[in-house]
Amino acid sequence: MRKHIFKAFVLLSIISISSCESDDTDELFAPTITNETTSGNLEANYTSIKISGSVSSEGVNEITSRGVCWSTSENPTIDDDKTTESSNTFTSTITDLVANTTYYFRIYATNSDNKSTAGTSYGAQQSFSTSSLDGTMWDFLITYDNGQTANGDVTFNPDGTTLYDEPSSPGTYTSYGTWSLNGNILSYDIDTDTTNNDYYLFTGTLLGNTMSGTATFNPNPINWSATEY
C-alpha cells in the first residue's frame, strides 16, 4: 500500500514540475515589446502618424518580423494594416490616414521557438488621432490661367463656415463661405453669394500638412495650393 502511495506522489510531483517548466518556457519564448510613442512626443498631421517602439527576444528565440499594426477598431492585429520593420528598434511612419480620425495602434513581434512554430505577441494598445481642420488658418496660393497669382488667408471655422482675407489688401476681398471634408477631400465654397463676380468653388486633397487642387472661376479652372500657418 505504501508503494502505491509513493508512486502516486512521485507521479504528481513530475506533473507539477512539467507544468511549471511549460509556463516558464512560454514566458521564455515571448518577445518583450515596448511602446516609445506617447501623447507628449507624438508626431502626427492630417494624413500620417509616427509610432516608435522596440522589441527584444528573451532566451534563444529569434524575432522573425516586427512592426506596427493599426485600425480604426480596437485591438488591431497583423491581419489589419501593418508595417514590417528590419530593426528591433524602429519608428514607423503610418501614411494614407484620414484626417480627424482616431486610430488604434499596437506594436507586434513574431518569433520562432525550438519547436519550429511561430507566434505573435502584441504590445499595449495606444490610440491617437490625425489632425482636424477645425479652427485652423491656411495660406492659399491661387494661380490663374494667365499665370497671375494671389495669396489668401483662409480660416476654417468648426461650424463649417470660412473667412477669406488677402494679407496684401486686408479687408478688401474679405469673403465668408463654407467648407466640408469627405475623407481627405476638401470642398470649399469661397463665397456663398453667387451674385459676386469673384465666385470660387475649391476642391482639393489633404496630404500631410499641405493641400492642393483646382477651383472654378467665372467659370475658368484655376490651380491652388495651401500650407497651414
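Scroll up to find the structure this text is about.
Note on numbering: residues in each chain are counted from 1, in written sequence order. The predicted nature of this model means local features are confined to residues of pLDDT at least 70 and side-chain atom pairs, given and counted, to a pLDDT of 80 or more, with totals for whole chains, interfaces and linings taken over all residues. Water and hydrogen atoms were dropped before computing side-chain values, which therefore reflect all heavy atoms in the structure.

Novice: Would you take a moment to explain the overall build of the chain for this structure?
Specialist: Per the convention used, a helix needs a DSSP run of H or I reaching at least four residues, while a strand needs a run of E reaching at least two, with both numbered from the N terminus. Looking only at helices and strands, one finds one helix and 17 strands in the chain. Think of it in three bands: with a 1.4 Å probe and only protein chains considered, a residue is buried below 20% of the maximum accessible area for its type, exposed above 50%, and partly exposed in between. In the chain, which comprises 229 residues, the share counted as buried stands at 35%. Residue burial considers only the protein chains on display, and all accessible areas are found by Shrake-Rupley using a 1.4 Å probe. Only carbon and sulfur atoms are counted for the fraction: they give 49% of the accessible area of the chain, which is about 13,000 Å².

Novice: Hey, could you run me through the sheet that holds strand E16 (residues 210-217) in this one?
Specialist: Two strands in a sheet stick together by hydrogen bonds in their backbones, pointing the same way (parallel) or opposite ways (antiparallel). Pairing between strands is defined by DSSP: at least two bridges between the two strands are required. Within the closed barrel, the eight strands sit side by side as E10-E11-E12-E13-E14-E15-E16-E17. Their pairing is antiparallel. Pairs of neighbouring strands in the sheet enclose a mean axial angle of 30°, with direction left out of account. The pairing of strand E15 (residues 200-207) with E16 spans eight bridges and is classified as antiparallel. Bridge pairing in E16 links Leu206 to Met211. Each axis is a line fitted through C-alpha atoms, taken for helices only over the stretch in contact, and angles between the N-to-C directions span 0 to 180 degrees.

Novice: Explain the nonpolar core here, please?
Specialist: Ranked by size, the top nonpolar core spans 24 residues in total, and within it Leu133, Trp138, Phe140, Phe156, Tyr188, Phe202 and Met211 carry the most contacts. Those elements that place two or more of their residues in this core are strand E10 (136-143), strand E11 (149-156), strand E14 (185-189), E15, E16 and strand E17 (220-228). The criterion is simple. A nonpolar core is a set of buried Ala, Val, Leu, Ile, Met, Phe, Trp, Tyr and Cys residues joined through side-chain atoms within 4.5 Å. Membership of the second largest hydrophobic core comes to 15 residues, among which are Ile51, Leu97, Phe105 and Phe128.

Novice: I'm lost on the pairing of strand E4 (residues 62-71) in this one. Help?
Specialist: Two faces belong to every sheet, and in a regular strand the side chains alternate between them. Burial analysis of E4 places eight of its 10 residues in the buried class, which makes it a mostly covered element. Here E4 pairs with strand E7 (residues 102-112) via nine bridges, running antiparallel. Within E7, the residue paired with Arg66 across the bridge is Ala109. With two bridges connecting them, E4 and strand E5 (residues 81-82) associate as antiparallel partners.

Novice: Teacher, can you tell me more about the side chain of Ser175 here?
Specialist: Along the chain, Ser175 falls in strand E13 (residues 175-182). By relative accessible area, Ser175 is classed as buried at 11%. Here Ser175 is in contact with Thr162, Leu163, Tyr164, Ile190 and Asp191, once residues within four sequence places are set aside. Here a residue-residue contact requires only that any non-hydrogen atoms of the pair lie within 4.5 Å.

Novice: What is the right way to look at the packing of aromatic side chains in this model?
Specialist: Pairing of aromatic side chains requires ring centres within 6.5 Å, counting the rings of Phe and Tyr and the six-membered ring of Trp. Pairs whose planes differ by under 30 degrees are stacked, by over 60 edge-to-face, and all others tilted. Summed over all chains, the structure comprises 11 aromatic pairs. Aromatic side chains Phe140 and Phe202 sit 5.7 Å apart centroid to centroid with 85° between the ring planes, which places their arrangement in the edge-to-face category. Taken as a pair, Phe140 in strand E10 and Phe202 in strand E15 lie far apart in primary sequence, 62 residues in all. Overall, the relative accessible area of 0% leaves Phe140 in the buried class. Ring geometry for Phe156 and Trp179: centres 5.5 Å apart, planes at 75°, overall edge-to-face. Placement of Phe156 in strand E11 and of Trp179 in strand E13 is noted, with a sequence separation of 23 residues between them. You'll find Phe156 and Trp179 in the same group, each marked buried. Feature note: the residues Phe140, Phe156, Trp179, Tyr188, Tyr200, Phe202 and Trp224 constitute an aromatic cluster, connected by ring pairs. Think of it as a cone above the ring: NZ of Lys or CZ of Arg counts as a charge over the ring if it is within 6 Å of the ring centre and within 35 degrees of the ring normal. One residue, Arg106, lies across the ring of Tyr122, its end atom 4.2 Å from the ring centre.

Novice: How should unusual backbone geometry be read in this particular structure?
Specialist: As a rule of thumb, non-glycine residues mostly have phi less than zero, and peptide bonds are mostly trans rather than cis. In this model, Asp96 sits at a positive phi of 60°, which is unusual for a non-glycine residue. Residue placement: Asp96 occurs in the loop between strand E6 (89-94) and E7. You can call Asp96 exposed: its relative accessible area is 71%. One non-glycine residue, Asn100, lies in the positive phi region at around 55°. Position of Asn100 relative to the elements: it lies in the loop between E6 and E7.

Novice: Sorry, what's going on with the pattern of salt bridges here?
Specialist: Where charged atoms from two side chains of opposite charge come close, those side chains can pair. By definition here, a salt bridge exists when the distance from a side-chain nitrogen of Lys or Arg to a carboxyl oxygen of Asp or Glu is within 4 Å. All chains considered together, the criterion is met by one salt bridge. Of the charged contacts, one joins Lys50 and Glu43 as a salt bridge, the two residues approaching to 3.6 Å between their closest N and O atoms. Since its relative accessible area comes to 34%, Lys50 is described here as partly exposed. The class for Glu43 is partly exposed, based on a relative accessible area of 48%.

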